[in-house]
Number of protein chains: 2
Amino acid sequence: MNVAIVGVGLIGGSIAITLKEKKIAAKIVGVDKSEINLKKALQMGLIDEGATLADAIGKCEIILLTIPVDAIMSLLPSLLDQVTSQVIVDMGSTKERILQAIANHPKRGRVVAAHPMAGTEYSGPEAAIPNLFTGKMMVYVDATNSDEDAFEAVDAITEQLEMHTTFMNAREHDVHTAYVSHISHITSFALALTVLEKEKSQGRIFELAGSGFESTVRLAKSSPDMWTPIFKQNRENVLEVLQEHIKQLQHVHDVLSNEDYETFYKLIKKSNKIRRILK
Amino acid sequence: MNVAIVGVGLIGGSIAITLKEKKIAAKIVGVDKSEINLKKALQMGLIDEGATLADAIGKCEIILLTIPVDAIMSLLPSLLDQVTSQVIVDMGSTKERILQAIANHPKRGRVVAAHPMAGTEYSGPEAAIPNLFTGKMMVYVDATNSDEDAFEAVDAITEQLEMHTTFMNAREHDVHTAYVSHISHITSFALALTVLEKEKSQGRIFELAGSGFESTVRLAKSSPDMWTPIFKQNRENVLEVLQEHIKQLQHVHDVLSNEDYETFYKLIKKSNKIRRILK
């Protein structure tokens, strides 16, 4: 089996490492609009060869799309026109619009929509790491719309990546990721902007930054090329959670402003329930 | 040299581990309003004996205060009345009000105000870990108000903890910690509250929570007993940074709402400058 990886960055590259390690793919073909990334991926041994998308379609049974979600959305319909028995895996972080774009395509069944809930704040082939997916969640979206053989082929890879699996429809997926992934990035971006602004008048402000600060702002290192399209495609859900988050912050602000420390204490205590969720 | 640790929790307990390991203290005397914590600390070997504060003052040369900041503020003046040549170390996370409370005390010089910029979201003696302070920053506040011998005694411990050091006045300290520590906790509390609220109508919401989400909300596990007094004492600075943070979030919201993706991209790009600060 030959596997094409379209977008040899953090996600595509990290999958490539496992595919190689476990000898799942006879050949891994890399496709990337950046010649530099393709060269790096070759040098790093992530891929066996670089190719154009058309070439890759001709020689691969599985085509993984690990590119920004706007690129997936514009590429997917025409890509689907070109495949026959191949399987295309949409690994994007948003699903509703992407899947709408191919909803009525006669070959819709060849697409498996899967979102690996794993990543780091880094990007590019040099960000690829082994075991990025181990123990993490693979979300299959609208799986009943995929052909059974296509789904099974992708699920075999998911198993080799040692991931847990869950199933959702596209609407659920996009709401859930807005709440437990996309908003985290927005709060990090905004917090970084807040403190970077303060640095201008208080030069030493970062001197005291410890692990707590780092934890809440590290996502602000994330790539705008990857994330702007995600927010564009999941705009309504993200706006909803952002409004709610601002409301919560405003409430915390007002409680503190009113010196109502009893309520303040209760708010922290209530937020402690997150212990139930996090390890 | 005997050392008293008043408040045998995460910070006090972790200091105790190093003091023991490096044989700096002949004896470590624990003081804690919680009998249970005192017993635990004894069982864990963090302290050599438990004592009342009065007893501890009588037998120790150095008294470390690692209790919530409201407790430090109310305890410090009377504690200072009772010491002669001993050194009291205020290790609280806020400084301005605490140091105001003893500004005119004739024995002010016996107090060294130091804030170790290290911690985790856990509390209590069982949260104590080795090397919590290694490579982290110890902030000395208004150090010129401490007697030289008192400062040197504390700095010798800081050196054994393998910490970097920096110096600030109380006002600077409280502004800086509001921006790079206290606000991070507030954003985590509010984010946890936002998502916990959503869970009520979307039961599976946490199923997709990955490392990014965990990173931005883990501080929401922090103790309300420790944190409510910090926000109380640093209220004005925290309100200022909170207002600025809400303004930034509102700006991000408006840009997304207006579908101005060029500005959105630029905001992420600008926040990426945090890479300069974080490792």
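About the criteria used
- Residues numbered from 1 in each chain as written.
- Chains lettered and ligands numbered in written order.
- Predicted model: local features only at pLDDT ≥ 70, side-chain atom pairs only at ≥ 80, totals over all residues.
- Heavy atoms only, no water.
- Salt bridge = Lys/Arg side-chain N within 4 Å of Asp/Glu carboxyl O.
- Buried < 20%, exposed > 50% of the residue type's maximum accessible area, 1.4 Å probe, protein only.
- Axes fitted to C-alpha atoms, helices over the stretch in contact; angles between N-to-C directions.
- Helix = DSSP H or I, 4+ residues; strand = E, 2+ residues; numbered from the N terminus.
- Left-handed = near helix turned anticlockwise from the far one by under 90°.
- Contact = heavy atoms within 4.5 Å.
- Nonpolar A, V, L, I, M, F, W, Y, C, P; charged D, E, K, R; others polar.
- Pairing = 2+ DSSP bridges.
- Right-handed = clockwise from strand over helix to strand, strands pointing away.
- Expected span 1.5 Å × (residues − 1).
- Bend = angle between axes of the 7 residues up to and from the residue.
- Polar contact = N/O pair within 3.5 Å; in protein donor to acceptor, adjacent residues only side chain to side chain.

Per an unreviewed UniProt entry, chain A carries the name Prephenate dehydrogenase and comes from Parapedobacter pyrenivorans.

### Describing the pattern of salt bridges
Scanning all chains against the criterion turns up 40 salt bridges over all chains. Between E207(A) and R204(A) there is a salt bridge, with its nearest N and O atoms 2.8 Å apart. For R204(A), a relative accessible area of 30% puts it in the partly exposed group. Here K200(B) makes a salt bridge to E197(B), at a shortest N to O gap of 3.2 Å. A relative accessible area of 63% places K200(B) in the exposed class. For E197(B), a relative accessible area of 36% gives the class partly exposed.

### Focus: the packing of helix α11 (residues 261-271) of chain A against helix α7 (residues 170-199) of chain B
Put simply, α11(A) and α7(B) touch, their axes get as near as 8 Å, and they point 65° apart. Note on packing geometry: the crossing formed by α11(A) with α7(B) is left-handed. Between α11(A) and α7(B), the residues in contact are F264(A), L267(A), I268(A), K270(A) and S271(A) and I186(B), F189(B), A192(B), L193(B), L196(B) and E197(B), respectively. Considered class by class, the residues forming the contact of α11(A) with α7(B) number eight nonpolar, one polar and two charged.

### Concerning unusual backbone geometry
Of note, the phi angle at E162(A) is positive, near 60°, even though the residue is not glycine. Structurally, E162(A) can be placed in the loop between α6 (148-160) and β8 (164-168).

### What to know about the pairing of strand β4 (residues 62-65) of chain B
All names here are of chain B. Where burial is concerned, the two faces of β4 agree: the one with I62 and L64 and the one with I63 and L65 are both buried. The pairing of strand β1 (residues 2-6) with β4 spans four bridges and is classified as parallel. Bridge pairing in β4 links I5 to L64. Relative to strand β5 (residues 87-90), β4 runs parallel, the two being bridged by four bridges. Counterpart to I62 in the pairing with β5 is V87. Crossover β4 to β5 through helix α4 (residues 69-82) is right-handed.

### Some details on helix α7 (residues 170-199) of chain A
Residue and element names in this part refer to chain A. Over its 30 residues, α7 extends 41 Å from the first C-alpha to the last, a length consistent with the 44 Å expected when each residue adds 1.5 Å. By the largest-angle criterion, A178 marks the main kink of α7, which is about 50°. For α7, the N-terminal capping position is held by N169, with its side-chain oxygen 3.2 Å away from the main-chain nitrogen of R171.

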